[in-house]
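# Structural overview for review
Residue strings, one per chain:
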Amino acid sequence: MNKVVVQIKRFFSRLIVIFQRLFSILETPLRKIFGHKLAIPLLVLTAVIVQNIISTPNFFDISIKNGLLSGYIPSIMDEAGELLIITLGMTLVIAVSGGVDLSVGPIMAIAASFCGLLLNGSEYRTDVFQNPYILALFIGLLAGVLCGAFNGIMVSYLKIQPMIATLILFTAGRSIAKLITHGQTIYIMNPVYKYLGVQIPGVPIRTTILISLLFVILVTLLVKLTSLGLYVQSVGINGSAARLVGLNSNAVKFMAFVICGLLAGVAGLVGSSGVGSVNSGELGMSIEMDAILAVALGGNSLSGGKFSIAGSVIGAYTIQAITTTLYAMNVRPDQLNVFKALIIVVIIVASSEIFKERIKRLIRRILSSIPKSSKKTTVVGGCSDEN
Amino acid sequence: MNKQTDDIQNPALTMNGIGKSFPGVCALRNVNFNLRRGEIHALMGENGAGKSTLVKVLTGVYSMDCGSVRLDGKSIMIKSPQDAQKQGISTVYQEVNLCPNLTVAENLFLGREPRSMGLIAWRKMNIQATELLRELNISASPTAQLDSCSIAIQQMIAIARAVNTKCKFLILDEPTSSLDADEVRRIFALMRHLKESGVGIIFITHFLEQVYEICDRITVLRNGELVGEYEVRNLSRLELVSKMMGKEIENLSVLSSEKEKVKPADETPIIEAVGLSSGNAKVAPFDLKMYKGEVVGFAGLLGSGRSELVRSIYGADKSVIGKLYVRGKASRIKKPLSAIKKGMAYLPEDRKAEGILSELSVRENIVIALQAKRGMLRRISRKEAEKYADEYIKLLSIKTAGTETPVKSLSGGNQQKVILARWLLTNPEFMILDEPTRGIDVGTKTEIQRLILKLASEGKSIAFISSEMDEMIRTCSRMVVMRDRRKVGELSEENIDQSMIIRTIAGGDGNNE
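Rules of the game
Numbers given to residues run from 1 along each chain, matching the order in which its sequence is written. Here chains are named by letter from A upward and ligands by number from 1 upward, in the order in which they appear as written. Thresholds applied to this predicted model are a pLDDT of at least 70 for local features of residues and 80 or more for the giving and counting of side-chain atom pairs; totals over whole chains, interfaces and linings are not thresholded and use all residues. Excluding hydrogens and water, the side-chain figures rest on all heavy atoms present in the structure. Under the scheme used here, helices are H or I runs from DSSP no shorter than 4 residues and strands are E runs no shorter than 2 residues, and both carry numbers assigned from the N terminus. Each residue is placed in one exposure class: buried if its accessible area under a 1.4 Å probe, protein chains only, is under 20% of its type's maximum, exposed if it is over 50%, and partly exposed if it falls in between. What makes two residues a contact is simply this: any of their non-hydrogen atoms within 4.5 Å. In these tables, accessible area is a Shrake-Rupley quantity obtained with a 1.4 Å probe, and a residue counts as shielded only by the protein chains included in the view. The working definition used for a salt bridge is a side-chain nitrogen of Lys or Arg within 4 Å of a carboxyl oxygen of Asp or Glu. To qualify as a nonpolar core, a set must consist of buried Ala, Val, Leu, Ile, Met, Phe, Trp, Tyr and Cys residues joined through side-chain atoms within 4.5 Å. By convention, a stacked pair of Phe, Tyr or Trp rings (six-membered ring in the case of Trp) has centres within 6.5 Å and planes under 30 degrees apart, an edge-to-face pair has planes over 60 apart, and any other such pair is tilted. Two thresholds decide whether a charge sits over a ring: the Lys NZ or Arg CZ must be within 6 Å of the ring centre and within 35 degrees of the ring normal. Two strands pair under a simple rule: DSSP has to find at least two bridges between them. The convention used is that axes are lines fitted to C-alpha atoms, helices contributing only their stretch in contact, and that angles between N-to-C directions extend from 0 to 180 degrees. Buried and open spaces are told apart on a 1 Å grid over the protein atoms alone, a cavity being a set of points where a 1.4 Å probe fits but cannot get out and a pocket being an open set with protein on both sides within 12 Å along at least five of seven lines. Residues with an atom within 4 Å of a point are the lining residues. Grid points are joined across faces, edges and corners, and a volume is the space filled by probe spheres set on the points. Amino acids outside the nonpolar list (Ala, Val, Leu, Ile, Met, Phe, Trp, Tyr, Cys, Pro) and the charged list (Asp, Glu, Lys, Arg) are all regarded as polar, and Gly is one of them. Bear in mind that the domain bounds are from an automatic or database domain assignment. The residues that make up patches have over 30% relative accessible area and no salt bridge, and they are joined within 9 Å when like-charged or within 5 Å when they are Val, Leu, Ile, Met, Phe, Trp or Tyr.

## Quick notes on the overall build of chain B
When helices and strands are tallied, chain B shows 18 helices and 22 strands. In chain B, which comprises 513 residues, the proportion classed as buried is 54%. Long-range pairs, those at least 24 residues apart, make up 67% of the contacts in chain B between residues at least 6 apart in sequence. Within the structure as shown, chain B displays about 22,800 Å² of accessible surface, and the carbon and sulfur contribution to it stands at 48%.

## Brief notes about the pattern of salt bridges
Residue and element names in this part refer to chain B. In this structure the tally under the stated criterion is 27 salt bridges over all chains. With a closest N to O distance of 4.0 Å, Glu209 and Arg483 form a salt bridge. Of the two residues, Glu209 sits in helix α8 (residues 208-214) while Arg483 sits in strand β21 (residues 478-483), which places them 274 residues apart along the sequence. By relative accessible area, Glu209 is classed as partly exposed at 32%. Assessed through its relative accessible area of 18%, Arg483 is described here as buried. In this structure, the salt-bridge partner of Arg363 is Glu404, at a minimum N-O distance of 2.8 Å. Remark: Glu404 occurs in the loop between α14 (382-395) and α15 (412-424) and Arg363 occurs in helix α13 (residues 362-374); sequence separation between them is 41 residues. A relative accessible area of 9% places Arg363 in the buried class. A single salt-bridge network, built from bridges that share partners, covers Glu294, Arg478, Lys487 and Glu490.

## Let's talk about the nonpolar core
Judged by nonpolar contacts, the single largest core of 229 residues is most densely connected at Leu170, Ile313, Tyr314 and Met344 of chain B. For Ile313 of chain B, the contacting residues outside a window of four places in its chain are Ile271, Leu276, Phe286, Leu288, Leu324, Ile333, Met344 and Phe430 of chain B.

## Looking at the packing of aromatic side chains
Evaluated as defined, the whole model comprises six aromatic pairs over all chains. Taken together, a centroid distance of 5.0 Å and an interplanar angle of 40° make the contact between Tyr314 of chain B and Tyr346 of chain B tilted. On the criterion of sequence distance, the pair formed by Tyr314 of chain B in helix α10 (residues 306-314) and Tyr346 of chain B in strand β18 (residues 344-347) is long-range, its members being 32 residues apart. Of the two residues, Tyr314 of chain B and Tyr346 of chain B, both sit in the buried class. Each residue in the set Tyr314, Tyr346 and Trp423 of chain B is aromatic and connected to the rest through ring pairs, giving one cluster. For Arg125 of chain A, the ring lying beneath its charged end belongs to Tyr187 of chain A, and the centroid distance is 4.3 Å.

## Description of the environment of Phe203 of chain B
All names here are of chain B. Looking at the secondary structure, you find Phe203 in strand β10 (residues 200-204). Sequence separation between Phe203 and Ile171 is 32 residues; the distance between their C-alpha atoms is 6.2 Å. Non-local contacts of Phe203, meaning those with residues more than four positions away in its chain, are made with Ile40, His41, Ala42, Leu43, Leu172, Pro175, Thr176, Phe188, Met191, Gln210, Ile214 and Cys215.

## Section: the sheet that holds strand β14 (residues 286-290) of chain B
Within a beta sheet, neighbouring strands are joined by backbone hydrogen bonds and run either parallel or antiparallel to one another. Residue and element names in this part refer to chain B. Pairing is antiparallel in the open sheet, where four strands are placed in the order β14-β13-β16-β17. Each edge of the open sheet is held by one strand with a lone partner, namely β14 and β17 (329-331). Shown here is a sheet whose adjacent strand axes are inclined to one another by a mean of 20°, direction ignored. Alignment of strand β13 (residues 271-278) against β14, held across four bridges, turns out to be antiparallel. Within β14, the position partnered with Ala273 by the bridge is Leu288.

## A few points about the environment of Leu225 of chain A
Structurally, Leu225 of chain A can be placed in helix α8 (residues 207-225). Given a relative accessible area of 58%, Leu225 of chain A falls into the exposed group.

## Quick look at empty space enclosed by the protein
All names here are of chain B. Following the criterion strictly, the structure yields three cavities of 30 Å³ or more and no others. Surrounding the largest cavity, His206, Phe207, Leu208, Leu301, Leu302, Gly303, Ser304, Met482, Arg483 and Asp484 form its lining. The residue inventory of the lining of the largest cavity, partitioned by class, reads five nonpolar, three polar and two charged. Residues lining the lining of the largest cavity come from more than one domain, with at least three contributed by each of domain 1 (2-235) and domain 2 (255-343 + 428-496).

## Notes on a nonpolar patch on the surface
Residues and elements named next belong to chain A. Taken together, the side chains of Val345, Val349, Phe355, Ile359, Leu362, Ile363 and Ile366 present a nonpolar region at the surface, about 560 Å² in accessible area. Those elements giving two or more residues to the nonpolar patch turn out to be α14 (336-350) and α15 (353-386). With five residues, α15 is the largest single contributor of residues to the nonpolar patch. Secondary-structure assignment places Leu362 in helix α15. Here Leu362 falls in the partly exposed class, since its relative accessible area comes to 42%.

As structure tokens, then:
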């Protein structure tokens, strides 16, 4: 009996030694992979996709229906469009200020309302444009920029905490939008209006996907081709040091908020075009929370400083993928947020520094305790032999 | 009666053979200190002398490695700040540690409010507060909110709070550093009052005038060791300063200098300040000329306004008054960027808080100032930036794993070199180096000193601040001396020796010695 126990113990200790060797070989590449800042966001996205492949075998199928690409992936990318655009702006705001812009949803509503007002004039439902389409888009975007500028002035020049400063438009924004549209939902029946949010005739890809990717590219270029990215990170890491090396911290902060406002305007126009109407009570509802989450899921620090646009993009798609997956698993819409929250809690905890540190310590402890314990087992084995 | 004289003869609080070390540094070595009842005892020393460590040992923030503390002859153990308070030792720190949004009375009794039936007895508290304030001659209303009081009153309330915890010994850590002359007088009145009522006070300050005005005895520390304990009336200012700096006046000899003799030619100075001052009165208006190819040292004790002076040239603090000429042209410099564009560079004293961008890479830290100078749209390409970074890593022999290493993972000396590289890259004509060698290993220190001399020989004008006298004497061709936030003198090449500098820093009666 004892001999069996000893053999089992020996077997295990051998197994552990093999495991250790394997680990020591793999350690450097593993550390490289997991040390990369995008490791966890990518891991999460992969996990969500794997889950989808298991539950829906036709996940990767893409077909053309009614002249449009359709399938799971195009639909996730389409639905993530507005969130993705908003997330880009949110990334900059969080990086530069360590705070968040809560007012992006209401800014979407304001921008869309201005656009709708110009297009429909005094009519609530019409298919004739009262003003040039381009002019209406421009005014809508301008409204977004102005809202962003308001937030920017509050935060950078008046030194109000970003959350409080943007709470003003968060509270008032939808009412302002209703004021513009006289409290009515505006229906824009002209098919041209749907170009932005649905499809441009002849193009087989949803415009939302194209526009959101276009802005990903634009913002990436803005950050990489100018030194805006470096400025934003410097100001976010250490405002007073940034000032002493000659950066205008206030102007950089202001700019980030203006860009965020502009992008919210774009998202507003895309969103309202998608449904062919302007409903300021619904448009971009609670999108700010998803955007903040997307930034966090992308491995960006919410206390400002370094940021990664790629991370945020992955974050935004991950959130949308989770939502779509849950729907595909027949989760009831009113239960959706519970499951979403559960998944996000797990992800956020797993990517937190403390958790990572604990895991590292745990692994180290296991590895360092094994040689001792294996020696012990032989000693114990020796004793039992004597017995 | 007999007992009272005993108290005065025998120190009430004695610390013997105190030693304390931290990993890598020995902060205190065999230090003795004693405090009588009813005296004001100055604890003096330059940066890193061990004053605050000694105070923290006494108040239980740190535990000592060796030595003993005796209170009225009885050996005591102070385990924590709370414990120190129980033993009757209270501390008031430089920054007021009170709650600005509570009332004066609430602050005085916070955590030990008079209670009746479990609730705070507000009336009783206010009455007690009124009594306490009257007793100490503090003109504040107990129901006023604390932040409506001036800083001096707040400081006095902090003292009152400390005294109220039945304190026998009071430690005042630079209580006067942010006060004006009138406010200082009021604090002193309060201190004298406490002294008369038998409280022993340890007073830490950088202002020599104040020491001579109010203190009875002085204990001087240097590099964690006790220099000595003196009666104020027996120690001249000159002796005090030389003891703090560690140079005996008798033995002073001019050090051989590596510096080249640079005679400022009769050309327009690169920088000329006329009546310049920071608007917040951190430094009195001063005149200054800086020429090409010279290293000008700024000497003075800590808190003498050295940093504030150079910061006002660079536009580091808002609202500057007075006139500044750059290469003879009148310039208004309101923000660092305009200073950089005029060819200035500034290495700040506090590397962590104002220097490094900790999470960014070495490369980004090096190019950031040049990038700011160029503007946002003319981005320095990755390739170019890597070239610059490599160049300066080699030039200054910065020890880093690579250009992409986050700067926070470098050692202090190498971080400092990164900041130097950042400024050299902008090719400045006038460099302000505020304590560039602080907290840096000896090897790097000499490297930086050599670099300073080399830069000057290349024609740059350098303003150099250091707490180490030797270092400045070795490198500077001219010395501006500061005392109590005022420029008090300027020593040219032939006059730069330690005794002269110390005499000028000590000022006043020092020259009569």
